[in-house]
Amino acid sequence: MSNDIRIRKGLDIHLEGEAEKTTQQLPLAPLYGIKPIDFHRVIPKLLLREGNTVKAGEALFFSKSDERVLFPSPVSGTIKEIVRGERRKVLEIRIEPSQEQTFKDFGKKNVQEMQGEDIKAHLLASGCWPFIKQRPYDVIANPDSKPKAIFVSACKTNPLAPDYDYVLKDKGDELQTALTALSKLTAGKVHVSVFKDSSLSPFRKLKDIEVHNVSGPHPAGNVSTQIAHISPINKGEVVWVVTPQDLVVIGELFLKGKLNLTRTVALTGASLNKPHYVTAIAGAQISGVVNSQVKDVTNTRIISGDVLTGHKVSETDFLGFYDDQITAIPEGNDYDLFGWAKPIANKLSLTRSLTFSWLNPKKKYNLNTNTNGEHRAFVVTGLYEEVFPLDIYPMQLLKACLYKDLDELENLGAYEVAPEDFALTEFVCVSKQPHQQIIRDGLDLMIQELG
């Protein structure tokens, strides 16, 4: 079977503000925050209280549904505040970092000499397990499940996505160690996808993996797209997914015996003075990462993640636990007079009515957050199918989620998708429906009713 994956359906969104390939080493942020909401369907049980000191890598809380799954502190310091919401729900754990960082010692390990169960136990005890997600459902993997394969997508195609060939160029040892460890957790293969035209990818030189060459528009880089071409998920089957920068964290755990949540973050977007890369620790306060780079704070939306799947944050909020990108774009709080009835040259559209973006598909745009319309009932346009490469009927699946028909969800392929797979259909939707949230609610219903 060919290892080439070529995607024809999709849409590349070219935006201004791509990160220059220079990396700035940032000092510690003034505050760090871990948000349980980053870990979908996890109900936290706290292990520490306000005022307690903590080491980097020490567990802050565990999942009530599985006490083995621990969630670590990204830095050493003092727990300054535990923010709670309704019914005392834990919203944030805020940590004031110490000047000298100390790490909990988990001991160096030789993965070549370890068995699969030993590796799994070490990942659980160190707090690395949340980096492993599973399909179906796109949640933290169940340690008791047996994945038929493990997937790593090293070719992000999201708007202004970080360049993994640049980010990971000096991380070969950590990547190899992590991949060798993961290969012992599955009876199948560890599949890694890279860009077909990428000759500098560090994964091309590594062992214990099968490399796949990907080409085509977004969402070619989504792991669901790659799973569908390599090893589709059937009912009762499970695959695991790990991101490349999380592989570095896992590899360093085995090599150095410490949990280092430092990652290279791409600062992107047209509203930044100088888009570039920085080193930051997961959970860092946004102000300490962006560092006064925003041109117009009052009229800019800062997003932890990319413009399609990220979350709106302020400078006092925190970098998402899994995010390696921050995007800043203009806030769409202004409206064009007769904007719907005059030719438009500065906006991207999949249709050819009154827009000219199809004449120059490589043009970069300075888009804002304006949705150019309001929420309304589904309108059948055929646009979803043009940007959705999976062999699934997207509109029918969305409607099955809305009216909660479990049989239809199974038959229409809900086991194969994650909310991010519907980011493009949400972008082109003339009805302004929240596709990603609809899919998330549908998957949650399946977890609740089908397990």
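Structure: see above.
What you are looking at is a predicted structure, and each value in this text was computed from that prediction instead of being measured.

Outline the overall build of the protein chain, listing residues and values.
In terms of helices and strands, the protein chain carries eleven helices and 20 strands. Whereas a compact globule of 451 residues would reach a radius of gyration of roughly 22 Å, the protein chain reaches 22 Å, a difference of no more than 12%. Expressed along its principal axes, the backbone C-alpha trace of the protein chain runs to roughly 65 × 50 × 50 Å. Looking at the protein chain residue by residue over its 451 residues, the buried ones come to 56%.

Give me the lowdown on the sheet that holds strand β4 (residues 44-46), citing residues and values where you can.
Here three strands make up an open sheet; going across it, the order is β4-β6-β7 and the pairing antiparallel. Every other strand in the sheet has two partners, leaving β4 and β7 (66-72) as the edge strands with one partner each. Recorded for the sheet is a direction-independent mean angle of 35 degrees between the axes of neighbouring strands. With three bridges joining them, β4 and strand β6 (residues 59-63) adopt antiparallel strand pairing. Residue pairing for β6: Pro 44 is matched across the bridge by Ser 63.

Please give an account of the pairing of strand β13 (residues 190-195) that cites residues and values.
Of all six residues that make up β13, five are buried, and the element is covered over most of its length. For β13 and strand β14 (residues 210-215), the ladder comprises five bridges, and the chain directions are parallel. Counterpart to His 191 in the pairing with β14 is Glu 210.

Tell me about the packing of helix α8 (residues 394-402) against helix α11 (residues 435-450), residues and numbers included.
In contact at an axis separation of 8 Å, α8 and α11 are set at 60 degrees when each is read in the N-to-C sense. With respect to α11, the axis of α8 lies oblique. As for the relative orientation of α8 and α11, their crossing is left-handed in sense. For the pair α8 and α11, the contacting residues are Leu 397, Leu 398, Cys 401 and Leu 402 in the first and His 435, Ile 438, Ile 439 and Gly 442 in the second. Considered class by class, the residues forming the contact of α8 with α11 number six nonpolar, two polar and no charged.

Outline the sheet that holds strand β9 (residues 90-97), listing residues and values.
The strand order β3-β9-β8-β5 describes an open sheet built from four strands, whose pairing is antiparallel. Edge positions in the open sheet fall to β3 (32-34) and β5 (53-54), since each of these has one partner strand only. Bridging between β5 and strand β8 (residues 77-84) involves two bridges; their strand directions are antiparallel. In the sheet register, Thr 53 faces β8, and the bridge partner there is Thr 78.

Pulling in residues and values, what's your account of the environment of Lys 9?
Among the structural elements, Lys 9 can be located in the loop between β1 (4-6) and β2 (23-25). Assessed through its relative accessible area of 43%, Lys 9 is described here as partly exposed. Counting along the chain gives 209 residues from Lys 9 to His 218, while the straight-line C-alpha distance between them is 8.3 Å.

So what's going on with the nonpolar core? Residues and values would help.
Counting 82 residues, the largest nonpolar core has Leu 123 and Phe 203 as the members making the most contacts within it. In this view, Phe 203 contacts Ala 154, Leu 168, Leu 175, Leu 179, Val 192, Val 194, Ile 209, Val 211, Pro 244 and Leu 247; residues no more than four positions away in its chain are not counted. The next biggest cluster of nonpolar side chains, apart from the first, holds 37 residues, and it includes Leu 160, Phe 388, Tyr 415 and Ile 438.

Outline the pattern of salt bridges, supporting the account with residue identities and numerical values.
Evaluation of the coordinates by the stated rule reveals 18 salt bridges. Where Glu 92 meets Arg 94, a salt bridge forms, and the shortest distance between an N and an O atom there is 2.8 Å. With relative accessibility at 24%, the residue Arg 94 sits in the partly exposed group. Beyond isolated ion pairs, a larger network of salt bridges with shared partners links Asp 66, Arg 68 and Asp 144.

I'd like a rundown of helix α4 (residues 223-230), residues and numbers included.
Since the α-helix turns once every 3.6 residues, residues separated by three or four places project in the same direction. Most of α4 is tucked away: six of the eight residues are buried. Among all positions of α4, only Val 223, Ser 224, Thr 225, Gln 226, Ile 227 and Ile 230 are buried. The inward-facing, buried residues of α4 abut β1, β10 (133-135), β12 (149-153), β13, β14 and β15 (239-241).

Describe in detail the packing of aromatic side chains, supporting the description with residues and values.
For the structure on display, the rule yields twelve aromatic pairs. A ring pair is formed by Phe 131 and Phe 321, whose centres lie 5.4 Å apart and whose planes are at 15 degrees; its orientation type is stacked. On the criterion of sequence distance, the pair formed by Phe 131 in the loop between α1 (116-126) and β10 and Phe 321 in the loop between β19 (311-313) and β20 (325-330) is long-range, its members being 190 residues apart. Phe 321 shares its class with Phe 131; the two are buried. Here the aromatic residues Phe 39, Phe 61, Phe 71, Phe 131, Phe 321 and Tyr 322 are joined through ring pairs into a cluster of three or more. Lying across the ring of Phe 103, Lys 258 places its NZ or CZ 4.6 Å from the centre.

Conventions we followed
- Residues numbered from 1 in each chain as written.
- Predicted model: local features only at pLDDT ≥ 70, side-chain atom pairs only at ≥ 80, totals over all residues.
- Heavy atoms only, no water.
- Helix = DSSP H or I, 4+ residues; strand = E, 2+ residues; numbered from the N terminus.
- Rg over C-alpha atoms; globule rule 2.2 N^0.38 Å.
- Buried < 20%, exposed > 50% of the residue type's maximum accessible area, 1.4 Å probe, protein only.
- Pairing = 2+ DSSP bridges.
- Axes fitted to C-alpha atoms, helices over the stretch in contact; angles between N-to-C directions.
- Parallel < 35°, antiparallel > 145°, perpendicular 65-115°, else oblique.
- Left-handed = near helix turned anticlockwise from the far one by under 90°.
- Contact = heavy atoms within 4.5 Å.
- Nonpolar A, V, L, I, M, F, W, Y, C, P; charged D, E, K, R; others polar.
- Core = buried A, V, L, I, M, F, W, Y, C linked by side-chain atoms within 4.5 Å.
- Salt bridge = Lys/Arg side-chain N within 4 Å of Asp/Glu carboxyl O.
- Phe/Tyr/Trp six-rings, centres within 6.5 Å; stacked < 30°, edge-to-face > 60°.
- Lys NZ or Arg CZ within 6 Å of the ring centre and 35° of its normal.

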